[in-house]
Amino acid sequence: MHQHPIFQLIQKIEANYQKEIRKYFSVLKKPRIEKMYLLIAGAKNDSQLEKELLFKKIFGRVYSEKSDYLWRNELRLLKDDLEEFLIQAEHQYLSRQNESYNDWLLIQAYDRIKFIDGIDEKYSRLIGERHTFASYSFAMDATIIHLDNLNHKITDIYKRVKQYPHLFEESRNILDELIAGYCAKINLYIAQHNWINYNHQSSDKIPGLTAEYSCKLPENSLSNFYNYYALSFSEDFDTKMTSLDKALESVEQIFRQNKLFQENRFLVYMGKGRELSANGYFQEAHEAFLTVKNDVQKVNLHNRTVFYVNYITNLVKNKLYSDALDVMDNEFSTENLLYKNMLLQSRLLCYLYLRDTEKLSGYISYDLDAAPFPQNYMLKVIKSAYFYLIGEYETALTIISSLSNSKYASDLMRHYQPMLLIYKKLYTLVIRSESGKKLNGKDHSHLLRLIEDFEINSQTEFRQVSIYVWLKKEIESLK
């Protein structure tokens, strides 16, 4: 037994943590494990370490080959508990000896709960004190966390974009410093190797790594995941989907062993669902969202909210209106003004497609102008459609005309302008028919040509917008 690795491990723990391990066992409350440890630690000779003797003292019966699995299992459990003790002991040691370690732990914790002020504070400390503590790896992690949370800190996308160049440069500098530290450490061991050879009359000498150190970046599971995920932010749909699938393949391999990558996996599936939905593959998007829906409570609040907004939006596009309403009524809500209005838009679209004007009327009084842009833009289009459904065509036309003449129409929302013109034309023709002129085949054909022109000249994502799909369906039904 004294040759067994567990015996040597116990010797090391007894030499370094005798008081601490006994305190640990008093809290652990595993008497058989504690007894086994104390018997091995207190053995005074080899005979007291014989497997048969230890087995009888621990299990109260004679050892046999048939019962050997009990012995092996108990050794495994003992090793697991000793390693857990060492993890705790090492954590306490590092925490006492290295303040930057504590800052590193805290920035990880603040990242998990999205406490932006805390992230900023620890980021500043880790970056500012990295030379003092030689904590370049902690500083590198801090820059990544800081970059990852910039979208939470600066919601204005234009202001955020201006921050990125400086942060990218800073992250590259810290990466260089981190590599320099490891290169220098390797050079120390190379120097020691060369010195030993020199003193033993050997001419073998290994050159050190130079200050101009560079390398061709290798592929590995981590680099493959991030590189493919980065490629998914392409303008080409096929490239996006191929890259997302490869990123998923890589992250699934990591996630099987490292559950810290659960959120990474979640984000890629969510991205895949969003891209499929934006390009008209609503059922495939639904399946992608469902793959990670059960994980939604295990990710941070922001990503949970983004998931539900995209999931509900796709339910509407997939014509699962009752499901979408059920999720909004019983499963998810938010007080975030931006996402609250996005969910309101989905709710109104459900009622619009269901032609439930009674339910719509309860929300049309909502102050749609108070919603942030571009939600207020979309909500007003739905509002005009409501008045169209209840036969108040003049009101519908007034709303859509005002919207099409707004400053947004020719600027940020210019891609929607042709869509608004079709709405306007529909309302105008319906008003004319109400005044005594029936909507004839010529008028209907004109509306269909406008639809055809819009689809020829618009990108896929605009052809899949729900307010346009409803409009197209409505015009086609007027045959």
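This text follows the structure it describes.
Residues numbered from 1 in each chain as written. Predicted model: local features only at pLDDT ≥ 70, side-chain atom pairs only at ≥ 80, totals over all residues. Heavy atoms only, no water.

Asks: Quick rundown of the packing of helix H5 (residues 99–113) against helix H8 (residues 136–148)? Include the residues and the values.
Replies: The N-to-C vectors of H5 and H8 enclose an angle of 20°; their axes lie 10 Å apart at closest approach. Here H8 runs roughly parallel to H5, going by the angle between their axes. In the crossing of H5 with H8, the sense of the turn from one axis to the other is left-handed. When H5 is examined against H8, the residues Ser100, Tyr101, Trp104, Ile107, Gln108 and Asp111 are found in contact with a partner set consisting of Phe138, Asp141, Ala142, Ile145 and Asp148. Here the residues of the contact of H5 with H8 sort into six nonpolar, two polar and three charged. (Axes fitted to C-alpha atoms, helices over the stretch in contact; angles between N-to-C directions. Helix = DSSP H or I, 4+ residues; strand = E, 2+ residues; numbered from the N terminus. Parallel < 35°, antiparallel > 145°, perpendicular 65-115°, else oblique. Left-handed = near helix turned anticlockwise from the far one by under 90°. Contact = heavy atoms within 4.5 Å. Nonpolar A, V, L, I, M, F, W, Y, C, P; charged D, E, K, R; others polar.)

Asks: Describe the nonpolar core, and please don't skip the residues or the numbers.
Replies: Most often, soluble globular proteins have nonpolar side chains that are buried together. In terms of nonpolar packing, the biggest core is built from 80 residues, with Phe307, Tyr423, Tyr427 and Ile467 touching the most fellow members. Discounting chain neighbours no more than four positions away, the residues touching Tyr423 are Val381, Ser384, Ile400, Ile467, Trp470 and Leu471. Membership of the second largest hydrophobic core comes to 24 residues, among which are Ile6, Tyr24, Phe25 and Leu78. (Core = buried A, V, L, I, M, F, W, Y, C linked by side-chain atoms within 4.5 Å. Buried < 20%, exposed > 50% of the residue type's maximum accessible area, 1.4 Å probe, protein only.)

Asks: Pulling in residues and values, what's your account of the side chain of Lys122?
Replies: Positionally, Lys122 belongs in helix H6 (residues 116–128). For Lys122, a relative accessible area of 7% puts it in the buried group. Among the polar contacts listed, one links the side chain of Lys122 to the side chain of Asp103, at a separation of 3.3 Å. Setting aside residues up to four positions removed in sequence, Lys122 forms contacts with Asp103, Leu106, Ile107 and Tyr110. (Polar contact = N/O pair within 3.5 Å; in protein donor to acceptor, adjacent residues only side chain to side chain.)

Asks: Mind laying out the pattern of salt bridges, listing which residues take part and the relevant values?
Replies: Throughout the structure, instances matching the rule amount to 26 salt bridges. For Glu14, the salt bridge is made with Arg22, and the minimal N-O distance between the two is 2.8 Å. Judged by its relative accessible area of 15%, Glu14 falls in the buried class. The class for Arg22 is partly exposed, based on a relative accessible area of 32%. The salt bridge partner of Arg76 is Asp80, with a shortest N-O separation of 3.4 Å. You can see Arg76 and its partner Asp80 sitting in helix H4 (residues 68–97), four residues apart, about one turn around the helix. Using a relative accessible area of 37% as the deciding quantity, one classes Asp80 as partly exposed. (Salt bridge = Lys/Arg side-chain N within 4 Å of Asp/Glu carboxyl O.)

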